[in-house]
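Given next are the chains, with one letter for each unit.
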Amino acid sequence: MRTALRRIAATTFVSLVLAFFALPMLWLASAPFDANPKIQVSLPGFTLDNFRVLLDDPYALRSLENSVILAAGTAAIVVVFAALAAYALSRVRLPGRDVLLYLLLLLSSIITGTAAMVPIFLLATQLHLVDSHLGVVLVLSGGLLPTAIFLLKDFTDATPASYEEAARVFGASPLQTLRHVVVPVIRPGLAMVGIWTVAQVWGDFLMPFLLLRDPDKAPASVIMYTFYTEGGQPDLALISTFSLLYSVPVVLMYLLVSRRYGFRFHGGIKR
Amino acid sequence: MVPATSTRTEAAREPVREEATDVVGLGRRRAAAFVAPALVLIVVFLVFPALWTLYLGVTDYRLTGLAATHPHFTGVRNYTDVLADGRFHNSLWLTLEFVGGSAVLGQTVLGFSVAWVMRERPAAVRRTVEALVLLAWILPGSVVAFLWLALLDRDGGTLNAMLGTPGTAWLLDHPMACIVVFNVWRGTAFSMMLYTAALGNVPPSHLETAKLAGASTWQTLRDAVLPKIRGHALTSLLLVSLWTFNDFTPFLITAGGPENRSEVMSAYVYRTALGEGRLGFGAAISLVMLLVNLLIAFAYLRALRRRRA
Amino acid sequence: MDISGRLERSRPHPHLDSRFHSRLTAALAFLLVGAAVSSCGGGSSSTDPQRNAKARSVTLTIARNAIVGGKNDAEASWITKTVIPGFVAAEKAQGLRVKVVYHGYGVDDEAYKTKTALDLKSKAGADIVSLDGIWVGEFAQAGYIKPLTDVVGARADSWDGWGQISSSVQQLGSFQGKRYGIPPSTDGRVLFYNKKLFAQAGLPTNWQPKSWDEILAAGRALKRLPGVTPLQFNAGTAMGEATTTQGVLPLLAGAGAEIYANGKWAGGGAAMKQVLGFYQQLYGPNGLGDKKLQEEAKGRDKSFEEFANNKIGVLLEGVYLWRAVLNPKDGIAKMADRDQSVGYALIPAVAPGKGVKGQSFVSVSGGAIATINPHTKYPQQAFDLLAYLNRPDVVKARIAGNPEVTSRNDVNADALKDDPFLTYVAQKVLPITLFRPGLAAYTQVSTALQEATAGIVAGHGPDDAAGRYTKALEGIVGGSGNVDAH
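Residues numbered from 1 in each chain as written. Chains lettered and ligands numbered in written order. Predicted model: local features only at pLDDT ≥ 70, side-chain atom pairs only at ≥ 80, totals over all residues.

> So what exactly am I meant to see when it comes to the interface of chain C and chain A here?
Many authors give the size of an interface as the accessible area that is lost as the parts come together. Counting residues at the interface gives 33 residues for chain C, matched by 33 residues for chain A. Within the residue set of the side of chain C that touches chain A, elements represented by two or more residues are helix H1 (14-40), strand S2 (97-104), helix H3 (109-121), helix H12 (299-308) and helix H13 (319-325) of chain C. Counting residues per element, the side of chain C that touches chain A draws most heavily on H1 of chain C, which supplies 5 residues. (Contact = placed C-beta atoms within 7 Å. Helix = DSSP H or I, 4+ residues; strand = E, 2+ residues; numbered from the N terminus.)

Written as structure tokens, this is what we have:
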């Protein structure tokens, strides 16, 4: 009796959660195929015209490529640098590391805010990083790294050092140990930080917009805002369609990563 | 959570999870080299502009106009202005509601519940739910804003159609409730993942024991699970609080309105810095936000230390 | 996870510690000083208008908030398909190798303004930059743009196009009596009304109110129709600048005041109270407008949709509504019978002769300008391109298929003759129109005006809202000495 009740409760809960998370996404499923979409979900007068228009758009598809470049570049830097730093910080007590990490975490909120744009822009100008993808990647990495280190350090802290000790006994260098012993253990954490980074970069508008001049280099987050009229009214047909195209790569990435690396936080080692 | 493996007697007294001494023979020099790449990027692209921004906070600097070329040092004027600004008080209060309601309560409770319930669901169900929850997290903010506008629209909104309440202007009548629910939807994924992982680290034997002892779900959670995941819970709380505090997406849905009734801090900064070009003032608000964030962090850390005690 | 970081514990290598520390500090200090110093100097800013005037091979960049396939597509296509090939060919005929690059953007005005300001601030960016006319003053004050004569020399004043641009429209690109750029086009604001609804309500379909009372009377007649919002004038903060330009400012002009005149900003005096009183008739209890529409984040879009669906009687809007929103061909809220069903009327003063400068009808106009980056490498060639952009035949090519009111009288007289509405704007509206002051404080003043109307929407009285507005205004413009409170 109790298990039956429990099962009913769990099923109800699961259905509610599914409904809650799926409901808002209906628009993304219907509007792109609608010839004349509104800000509401409706059964579309089915058409693929919106996609055709976007295929002909000189910036739409290229912007997705640019987004991939920015996201992949930033994710690579953030994951590798954060992993190195988090590992060292977890295993060796550098002076004041915790205070420092917290301060950086807090400072990163200033940088992602709008008030810091002038310093960042002028800095990028001095470093000749304006209008280059590298500039955007470096600026974004700087802002995301503290959180990434924080997350990964939490992971490494939670894994025992005994395997590393063993590796050391067998004469492995620290980098080898990191590569072959630590990385496999914290891989779900790396995957999670990677996805988090990609999602952050994928959605970021202000920095790439300010730092890139040539529209050929603009990522999708910037091009998304071009589908408005001069008066600021959205062209819903193009926006909804582009939203769909814009969302597909991150979803694919998630599926890929979760299949290959088991996108979870599992400690990984049974104890 | 991890048995202390160090041979040093001093370290053995340390609480677990603190690999205080260098068991892997990294050495400080190499450790510094490991940290260096990240640190360089952080110093150049984060610390430096952040300090510069803090400096702008004591000037009347603006993006355009006379104050753009000849900003004046104004001391604490911006700060006294911020603290005296009724819009700031309103906005700070709304932000605390927003963080408390959506991050601390909403995301944490829902995230944990999903993680807990999903342990015993079939893989297919689990995958579907997790994928949907994650989708809400990784979709770009500008896309998500349209999704929610379509859901809550006054005339043809999906919600009104389902509830049979045509014409209810959710975003106008309950703006805060809307962005709180929205942010639960948006951010639950992180807590869900973190708690899924944390629950995976709870030794099954503990749960078995609790079950055999006839403990209720609530008792199991309290006695066997909570002590094991407390560290994770605090990490999660700290991060989601910080993120939510600085989250800008609500602005895309309500534009801070109506009548500033949903103008959370990030929207307030956006309006002053980008809308009005008052960068000095905006920088001052940023520092105030940072201090509030610091207070939140301190509160969590105190809780963490109590756990250790 | 431990911020208190048990620092008191003995450290294995204290000397290494401190060395690491001091090195870090040194590196940080070096970086800070280095960047601070270099940000002061920088940029080889030659101010000689004749620099590189003899260059045989030149690259110029045009930037504006228009992008092919997106926002302002027609304008972007005009630049890439007509202007650039035409200009390059013309220069080639004179033996010059010119390359013109187009940087098109498609973002909010605020974002575009920010980006442009940052580019100009860093002495970089495009050679020909497009700005909203209301930014000219603040950009000039910041030193981001310079008078055209300073940048290119005397030929800027002797350009033959000035004779075709009326002096009021030239104001768009001027600041303190100096020309900073050339406005390509302008617009105006009128009352749009739905003739079908007017007929149903027993009102004349050929309507021209002569006072605010006549507008309200029409509104009361329209209110009898079910499901119709009689009058919609933009108000509140959600609409942003639309509230100011399409609401407060034309009404204020109708009440006899300008927002900025004789060095003072208009406070919450009699004229402002009249304006807010009018708003109360719309959004107060039993008002003639839909106040929720003024609060919603996408309220303006919805007002367009509702007007196109015959649900709004009278809407105060810009030329844009006719040209790009209701346009049956490619508008965003198409109205198939626009030409038959939509009427337009001048905005009356509160009573005949009571408007600003004794006018009986008023309007507010805006528009962009194109200016030359003072740090361009090629000032002379950039001016050639700017002049080319405003050549009559090139301007005609711009508005072919997308008619609008250009800044040039010769083009308007010729190209708009088949478009009764735009001819009406060019002939009836432009002579009575006002432009907004291009000062840095304007954006904040504009916000204060929006908040004043938002107060009315929220149920405050006009006196109350006007008092709050005066107080906010004094804080913005530096004290009551800069405010005209009568």
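After presenting the structure, the write-up continues.
> I tried to follow the sheet that holds strand S15 (residues 368-372) of chain C on my own but got confused; where do I start?
All names here are of chain C. What the 5 strands build is an open sheet, ordered S2-S1-S3-S15-S6; its pairing is mixed. Edge positions in the sheet fall to S2 and strand S6 (181-182), since each has one partner strand and no second. As paired strands, strand S3 (residues 128-132) and S15 are joined by 5 bridges and run antiparallel to one another. By the bridge assignment, Ile 128 is partnered in S15 with Ile 372. Along the sheet, helix H15 (residues 379-389) contacts strand S1 (57-64), S2, S3, S6 and S15; its crossing angle with S15, the most-contacted strand, is approximately 155°. (Pairing = 2+ DSSP bridges. Axes fitted to C-alpha atoms, helices over the stretch in contact; angles between N-to-C directions.)

> Explain the domain arrangement of chain C here, please?
Residues and elements named next belong to chain C. By domain assignment, chain C separates into domain 1 (57-182 + 367-435) and domain 2 (189-365 + 437-484). For domain 1 versus domain 2, the separation of C-alpha centres amounts to 29 Å. The interface of domain 1 with domain 2 comprises 20 residues on the first partner and 20 residues on the second. Elements represented by at least two residues in the side of domain 1 that touches domain 2 include exactly helix H4 (136-141), helix H18 (420-429) and strand S16 (433-435). (Domains from an automatic or database assignment.)

> What is the right way to read the nonpolar core from this model?
General note: in soluble globular proteins, nonpolar side chains tend to be found buried as a group. By size, the foremost hydrophobic cluster in this structure holds 332 residues, and its most contacted members are Ala 82, Ala 85 and Ile 149 of chain A, Ala 38 of chain B together with Leu 252 of chain C. In terms of residue count, helix H4 (residues 60-91) of chain A provides more of this core than any other element does, 16 residues in total. Split by domain, the residues of this core number at least three in each of domain 1 (57-182 + 367-435) and domain 2 (189-365 + 437-484) of chain C. Discounting residues that sit within four places of it in the chain, Ala 85 of chain A has contacts with Ile 149 of chain A together with Phe 34, Val 35 and Ala 38 of chain B. (Core = buried A, V, L, I, M, F, W, Y, C linked by C-beta atoms within 7 Å. Buried ≥ 20, exposed ≤ 12 C-beta atoms within 10 Å, placed from the backbone.)

> Looking at this structure, how should I read the sheet that holds strand S7 (residues 189-194) of chain C?
The strands making up a sheet associate through backbone hydrogen bonding, with each pair oriented either parallel or antiparallel. All names here are of chain C. Read across the open sheet, the 4 strands follow the order S8-S11-S7-S12; overall the sheet is mixed. Of all the strands in the sheet, the pair left with one neighbour each is strand S8 (229-232) and strand S12 (342-345). Taking the axes of each pair of neighbouring strands and ignoring which way they run, one obtains an average angle of 25° across the sheet. Note: S7 against S12, 4 bridges, orientation antiparallel. Opposite Tyr 193, over in S12, you have Gly 343 as the bridge partner. Contacts from helix H9 (residues 241-254) reach S7 and strand S11 (312-318) within the one sheet, and its direction differs from that of S11 by about 90°. Helix-sheet contacts for H12 involve S8 and S11, and the interaxial angle to S11 is about 130°.

> Sorry, what's going on with the environment of Ile 182 of chain C here?
Residue and element names in this part refer to chain C. Here Ile 182 is to be found in strand S6. Taking the C-alpha atoms as reference points, Ile 182 and Gln 170, separated by 12 residues in sequence, lie 7.4 Å from one another. Leave out the neighbours within four places in its chain, and Ile 182 touches Gly 173, Ile 369, Ala 370, Leu 386 and Asn 390.

> Would you explain the UniProt feature "domain: ABC transmembrane type-1" (unreviewed entry) in chain B in this entry?
What UniProt calls "domain: ABC transmembrane type-1" (unreviewed entry) maps, in this numbering, to residues 93-300 of chain B. Measuring from the first to the last C-alpha atom of residues 93-300 of chain B gives 19 Å, for a span that is 80% helix and 0% strand. (UniProt positions renumbered as here; feature names shortened; annotations may be inferred.)

> Before we go on, may I ask you to explain unusual backbone geometry in this structure?
Trans is the prevailing form of peptide bonds, just as negative phi is the prevailing case for residues other than glycine. Unlike most non-glycine residues, Asp 131 of chain A shows phi in positive territory, near 65°. Of note in this structure, Asn 52 of chain C is not a glycine but carries a positive phi near 55°. Structurally, Asn 52 of chain C is set in the loop between H1 and S1. Take Asn 52 of chain C: there are 14 C-beta atoms within 10 Å of it, and that puts it in the partly exposed class.

> Quick question: what am I supposed to make of the UniProt feature "transmembrane region" (unreviewed entry) in chain B here?
Residues and elements named next belong to chain B. UniProt's feature table lists "transmembrane region" (unreviewed entry) at residues 31-55, 98-117, 129-151, 163-185, 237-257 and 277-301, given in the numbering used throughout. Strand forms 0% of residues 31-55 and helix 100%; the C-alpha atoms that close the span are 32 Å apart. Secondary structure content for residues 98-117 is 100% helix and 0% strand, and the end C-alpha separation is 26 Å.

> Would you mind going over the interface of chain A and chain B with me for this structure?
Between chain A and chain B, the contact holds 85 residues from the first and 80 residues from the second. For the side of chain A that touches chain B, a count of residues per class yields 58 nonpolar, 18 polar and 9 charged. (Nonpolar A, V, L, I, M, F, W, Y, C, P; charged D, E, K, R; others polar.)

> It is not clear to me how the environment of Lys 178 of chain C should be interpreted in this structure. Could you clarify?
Tracing the backbone shows Lys 178 of chain C in strand S5 (residues 178-179). A tally of 15 C-beta atoms within 10 Å means that Lys 178 of chain C is categorised as partly exposed.

> Explain the pairing of strand S14 (residues 361-365) of chain C here, please?
Note on strand geometry: in a regular strand, side chains alternate between the two faces of the sheet. All names here are of chain C. Within S14, 5 of the 5 residues are buried, leaving the element largely enclosed by the surrounding structure. Neither face of S14 is open: one carries Phe 361, Ser 363 and Ser 365, the other Val 362 and Val 364, and all of them are buried. Across 2 bridges, the pairing between strand S13 (residues 347-348) and S14 is antiparallel. Bridged to Ile 347 within S14 is Val 362. As paired strands, S14 and S16 are joined by 3 bridges and run parallel to one another. Within S16, the position partnered with Ser 365 by the bridge is Phe 435.

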